[in-house]
Each structure stands twice: as C-alpha cells, then as structure tokens.
Amino acid sequence: MIPDKVPEQDVILGSGDLKKDAHIPTFEKYKELYVNSVENPEEFWGTLAKDFFWKTKHTGQFFNYNFDVTKGEIFIKFMEGASTNICYNLLDRNVYEKNLADKIAFFWEGNEPGDDLTVTYKELLQRVCQFANVLKSQGVQKGDRVSIYMPMVVELVVAMLACVRIGAVHSIVFAGFSAESLCERILDSQCSLLITADGFYRGDKLINLKLLADEALQKCIDKGVPVKKCIMLKHLSKVPEETAGCNSPPPKRSCPDLQVPWNPDVDLCWHTLISGASDECEPEWCDSEDPLFILYTSGSTGKPKGVLHTVSGYMLYAATTFKLVFDYQPDDVYWCTADIGWITGHSYITYGPLANGATSVLFEGLPTYPDVSRMWEIVDKYSVTKFYTAPTAIRLLMKFGSDPVQKYNRKSLKVLGTVGEPINPEAWQWYYNVVGEKRCPIVDTFWQTETGGHVLTPLPAATPLKPGSATFPFFGVVPAILNESGEELTGPSEGYLVFKQPWPGVMRTVYGNHQRFETTYFKKFPGYYVTGDGCRRDEDGYYWITGRIDDMLNVSGHLLSTAEVESALVEHKAVAEAAVVGRPHPVKGESLYCFVTLNDGMTFNQKLESELKKKVRDKIGAIATPDFIQNAPGLPKTRSGKIMRRLLRKIACNEKDLGDVSTLADSSVIDQLYQNRCCSAV
Ligand code: WT7
C-alpha cells in the first residue's frame, strides 16, 4: 500500500538540514512506523499516550469501533475508561513538569503593526484557571455547552481552555459568521452561555461584534430559547480602571467610545468577573470519550453539522500530527495563519502546539494589511521557523509578485505548510521557490473538520514531494479509492477517497443527530468513512486530491476534476485564480464554464480567451476544452476562502435564485459576475 520505493526523479527531497534531528528522518522509518501504526494501533498509540498525564488508566478495549453500517450503529471508542484533562496536559504539565513555565506560549500580533504582546505558559495557566472559576461561578458545569464568538485574541484561547478545564464543551463560531449563523449554532447545541467581545478591526474595517452577538441572542429569544448569560471581553473599548486583573492592555488601534449595546440582565463584563477570581482551579477529570468540543461545518443540505470530537483520541491525534508533520523542535517559532474559529485553528493553534510546549504566533490581522508584505514582516519579526497557511492566501499574494516577499529575508523558515484545498502546482512552486527559497519542504496537509487532524500528508524530512500531492497517509490512517460501485481500486486509479478504519482523531458523531453522521459518512459505501473528496493515486502510489466529488464534472463520459482544469488555467501568466464549474450541455452532458481572475495589469480579450482554451486542451486533452471563459475580477468565497462553486454553477446557467448566501464573504462580487456573463452562454 505504501510503495516500497519512492521515485528519485521528479520529486523534491526534504532539506538535508532537517534530517539531522528530524523525528522521522527517512521514508524507510515512516514506512516501518506506518505498518506498525496500522497493524498494532494499541502499541503505536499506547506508546504515544505515555507522554500524557492520565488520572486513571483505560479499562475497556483500547480501540473499540464499528465502521460498518450493515453491522449496526457506527461507534468509535478510544481508551475508554481512562480519565484525563486536556487543559492539565497542555498547561499544568508544561509549567510544573516540563520546566516551561516561562516559555512563551503565544506571541500575539494585533491587526496594527507594532501592536503585540506575549503570554507565557505560566501566565496562560493562571488566566485559564481564573476564567474557569468565572465559568463555574456562572453555573457552568461539566458537559454544558458554551458558545464562543470572539476575534483572534489571547482571551479566545483562555476561554476555550477554561471550558476544557471544567469539562464544559466549547462551540466556537468564527467571528466572521453572521448573527443568523451564530443563533442557529447556539440553538442546535443548546448553549447556556455566550462569550464574546466588544469589537475588533479587520484591516481598516471596524466590526462591532457585540451588536451581532446581541442580534443572535435576540433571535434565540424570538425562538423561545433564551441564552442565560453573555460574557463580553472589552478588546477595543477597555478603559484603565476596568483592566484590573486583566493583563492584556487595550490594542493600539483601540476605540474607547465604541458603542456596544448592554443588557444588565444578561451581560457580564469579562474584566469585572476575573478581577475577583482565584487563579487556581482543580481540573475536572474527564473520560476519554466525554465530549470535548463541537465545531460546525457546512453540509450539503444547507444545515450545518455539529462535528463532535472527544477527549483522548483528539488530544493524542492533534499533538502527534503537530509534532511529526511540522517536525516540531523545542526552539521552533510556529505560525499558523488560520482563525481559531476553524478546525485548523483548533488543532494547530491551540491543541497541537500547546500539547507540545510550542511557541506560536497568534495573529489577529490580514495578510494584506497594511500591505501585502505583512506576513513576511511577521515571519522576520518573530523568526518564524514553521509556517502554515492556505493556498488561497498564497495565490492572493502571488498576484503581487516576489518583491513584497523579498523585502524581508525569511531566513528562519524551515518548513512550509498548506491546507484547505488542493494547491495547484504553480502556487506550490511559487511558495517553494519564492517564499521558501527552495530550502523548505512543503507539507500539503489534507484533512477535514471531521478528521480532527491531518490524514494525508508528507512528513517534511522523510517524504519526497510532488508539487500538488498530499502524498501518503499519516500514521493509523488507511485510505482507499473506490469506484462508483464501491469497489476498491488498486494501483494507479481515480475515484472516491475513503478511509477503511478509524484513527483516534476522527469525529464521533454529529451533535444531536447520530443518524445524520451515519448517513453522511458511512451509508454510501458500507464499511468505509467517505470523505466526499475525489482522489487520484499515481503510478508511484502518491495521492492527489482532485477536489470535492461534487465538483467533479462528467464531460462526454469522462470524469474531470475542476481543480485539474483550474490548475491548467492558472498556469497562464495572465491568470491569478480560476474556478471551473459544469454547465449542462445537451450533447456532452456537461461543459466547462471557467471563471478567471486576472493578474494586475492584464486585460481580458478574445485572444486571451483562445489562449486559455488552448492551454487547458494542451494540458489535459481535447475533452477538457472549456466552452466558456468569463472574466471574474472577484470570485464568491466563504470567509475561510473556499470558492463557492454552487453559486458559480447558478451564475453560469444565468439562474437568479442563489439560495443561501449567508456564508459568502463579499456579496458584491455576485452582481459583477452576472454582468460579465459570457453572452454566448445566455
Ligand atoms: C475539505 C475539508 C482541514 C482544515 C481546513 C478545511 C479540502 C482540505 C486539503 C488539501 C486538497 C483539501 C477537502 C476537504 N481540503 N485540505 N491539502 N488538499 N483539499 O476543513 O472546512 O472541513 O474542509 O477541504 O475538500 O474535504 P473543512
């Protein structure tokens, strides 16, 4: 299943420097451990579990599960009966046993350059305990759900870990979501308390978050399910006398007179509450399979799914993937640019890094504010060694060329990572050549909210890389590729990506709807977890994610991946970004309708259109020749940067009813896209 030998040609080898101290220094070592992880999960994960603190040992079977709907209910139980507390493992153990009390846990970098602060492991522990006591005093108990709607501030980490310390279940809602979305999530998970902030700046834009939170709370009241309390952090409007017991000063670009609505029956001030709270708090010991958090992810039906993760499996998986995939070393400064409101932020800003005693950058701002050099300025400022971002950010910055990158030296960088969508080889090459100066391996990590952590990924010193491939499975993960009839394909093949057995970090259920969990992931192909992604395995055994299976196109009986066509389009020097959808065609079934965003200074004309069609034909074949190419100065994206192809499909067909557009980051692009439609396609 993992090839005996990896090719020596057409691959990019990990840097020699990394190999010296790497946890997994060679492909042979990876293979040896991989086989053991799959054949003897108890031995593999049991050894790793020894690095953590357990209040009591597991009692039941080490890893007990049913992954086959035809054999009964789906369940996954890992180290059941063992008890621990993740907050204790992330903080107390690092402070008291690992001598990391004064090590910096986070360099906080605010929206404004020069606005920063640091927090050590010891300080973080004290602040978490203080806030845990606040939650307890508000009546929050083990198992209760707490909704968190906050910007990227240290207090967001404090709030989430305070929940964990007392065994409460956090449900973080990304601060870019609307009041409607927040209300829907609060109601679905029956949260008793909301934690929010007054407001924040995103670049130049002031967001009055409390206003949105209140709107959501009003909607909850209208639906007859009021939330009891709302704790508000003063991030922008903090005034000195109220900062007692609070060691974050107001940010540089503060807004002391920000007008936030205040309801004394419900609202509580974060700072007032903590000023009287003790900074010691006994952790609540939780069973391995107790719920840890809920995180909502979109579903094909439109109603978001509350993905539920549990304590021990998630902790071990986030910690181990972080350590091995970024080859974490004690002197690293790690930076993941994701928002904590997404799974990437949960696993690779909070849980994974803190479990390893790492120092991370926590960034509140944007890659383009105040200018497009901001990321590289921060890399140099903190001497970042491991950097993790999304292909969409790379493509965005790529449009501005290499000068903004080369203004900074980036000498500290050792490993670069990407996540979120397939990375086209051109963006990969730019990231590798320009950002990393050919020195830093790129870990293209494939995973999902549901998988808890990386499932297909290179290991930076061990895996020879192919630009655009997520390469091979992580330990304990067994992928397969199925055809439409559910048959496992062997050798080079393309089809549905599935997993054959659980790994510790896989989700346990959809909160409040186990049936939906079974239907979404296990019904289509009994015996397998279905990712919903298409995947190709090449002649060397490398896995290439081709995009969501619902983004697959069938042109004249040929399966095509939108990602593949997009990648061809962006190879053209005029194109910055492309999104391809299928448009019904009377003869071919579907035809390709391509939206392209051009690089600065490029103009869209017929000549370019023909060149692009040729480019795709030359790269993939005549069947992939696009029927339509449309100039798209902006593409409809979710706030996490994913292109909403569902909307593009409607625009391509000139359908005016777009359905739910609440997750759209910038709705102004839609009108423009209708105006620019290819006339011949009307
Ligand atoms: C979907 C999951 C995992 C954190 C961020 C997104 C796509 C994710 C890759 C990658 C190709 C990727 C898949 C997946 N995806 N990483 N490296 N290569 N595709 O989490 O919102 O749950 O989305 O993102 O389509 O199914 P998510």
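Anything mentioned here points back to the structure above.
The text that follows walks through the structure, step by step, so that each part is easy to find. All figures in this text were calculated on a predicted structure; none of them were measured in a lab. In this numbering scheme, every chain counts its residues from 1 along its sequence in written order. Per-residue local features are limited, in this predicted model, to residues with pLDDT of at least 70; the limit for side-chain atom pairs, both in listing and counting, is 80 or more; totals at the level of whole chains, interfaces and linings are taken over all residues. Note that water and hydrogens are dropped before the side-chain values are worked out from all heavy atoms of the structure.

Structural notes on the packing of helix H4 (residues 86-97) against helix H5 (residues 121-137)
To get an axis, a line is fitted to the C-alpha atoms, and for a helix only the part in contact is used. The angle between two axes follows their N-to-C directions and goes from 0 to 180 degrees. Secondary structure counts use DSSP, requiring at least four H or I residues in a row for a helix and at least two E residues in a row for a strand, with both numbered from the N terminus. Orientation of H4 relative to H5, taken along the N-to-C sense of each, is 135 degrees, at an axis distance of 9 Å. Here H4 lies oblique to H5, going by the angle between them. Read as a crossing pair, H4 and H5 show a hand that is left-handed. Residues Cys87, Leu90, Leu91, Asp92, Asn94, Val95 and Tyr96 of H4 lie in contact with H5, whose contacting residues are Tyr121, Lys122, Leu124, Leu125 and Val128. Here the term charged refers only to Asp, Glu, Lys and Arg, the term nonpolar to Ala, Val, Leu, Ile, Met, Phe, Trp, Tyr, Cys and Pro, and the term polar to all other amino acids, Gly among them. For the contact of H4 with H5, the per-class residue count stands at nine nonpolar, one polar and two charged. Here the angle decides the label: under 35 degrees means roughly parallel, over 145 means roughly antiparallel, 65 to 115 means roughly perpendicular, and every other value means oblique. Throughout, a crossing is termed right-handed when the near helix is turned clockwise from the far one, and left-handed when it is turned anticlockwise from it by less than a right angle. Residue contacts follow a heavy-atom distance rule, with two residues in contact if any of their heavy atoms lie within 4.5 Å.

Brief notes about the pattern of salt bridges
Should the charged atoms of two oppositely charged side chains come close, the side chains can pair. Each reported salt bridge corresponds to a side-chain nitrogen of Lys or Arg within 4 Å of a carboxyl oxygen of Asp or Glu. Following the criterion strictly, the structure yields 30 salt bridges and no others. Ionic pairing is found between Lys386 and Asp332, a salt bridge with its closest N-O pair at 2.7 Å. Within this pair, whereas Lys386 is found in strand E18 (residues 386-389), its partner Asp332 is found in the loop between helix H10 (311-325) and strand E16 (333-336), the two being separated by 54 residues in sequence. Classification of residues uses two cut-offs on accessible area relative to the type maximum, computed with a 1.4 Å probe and protein chains only: under 20% is buried, over 50% is exposed, and between them is partly exposed. Exposure remark for Lys386: the relative accessible area of 2% places this residue in the buried category. In this structure Asp332 comes out as buried when scored by relative accessible area, which is 2%.

Digging into the side chain of Thr297
In this structure, Thr297 sits in strand E14 (residues 291-297). Looking at Thr297, the relative accessible area reads 15%, which means it is buried. Leave out the neighbours within four places in its chain, and Thr297 touches Pro304, Lys305, Val307, Thr449 and Glu450.

Let's talk about the side chain of Asn66
Mapped onto the elements, Asn66 comes out in strand E1 (residues 63-66). Residue classification places Asn66 among the buried positions, given a relative accessible area of 10%. Separated by 3.1 Å, the side chain of Asn66 and the backbone oxygen of Gly72 make a polar contact. Polar contacts, as used here, are pairs of N or O atoms within 3.5 Å; protein pairs need one atom able to donate a hydrogen and one able to accept it. Residues neighboring in sequence count only if both atoms are side-chain atoms. Polar contacts involving the side chain of Asn66 include one to the main-chain carbonyl oxygen of Glu73, which spans 2.9 Å. When residues no more than four places from it in sequence are discounted, the contact partners of Asn66 are Lys71, Gly72, Glu73, Ile74 and Phe75.

A closer look at the site of the ligand
One heavy atom suffices: a residue is near a molecule or strand as soon as one of its heavy atoms comes within 4 Å of it. Around the ligand sit 17 residues in total, of which Asp444, Thr445, Thr449, Asp533 and Arg548 are the nearest. Taking Asp444, its side chain carries an N or O atom lying 2.7 Å from a nitrogen atom of the ligand. Taking Lys642, its side chain carries an N or O atom lying 3.3 Å from an oxygen atom of the ligand. Look at the ligand: alone it shows 550 Å² of surface, and the protein chains cover 89% of it. When residues of the shell around the ligand are traced back to their parent elements, those giving at least two are helix H11 (343-355), strand E20 (442-445) and strand E26 (543-548). Counted by class, the shell around the ligand contains six nonpolar, five polar and six charged residues. What sets the accessible areas is the Shrake-Rupley method with a 1.4 Å probe; for residues, cover comes only from the shown protein chains.

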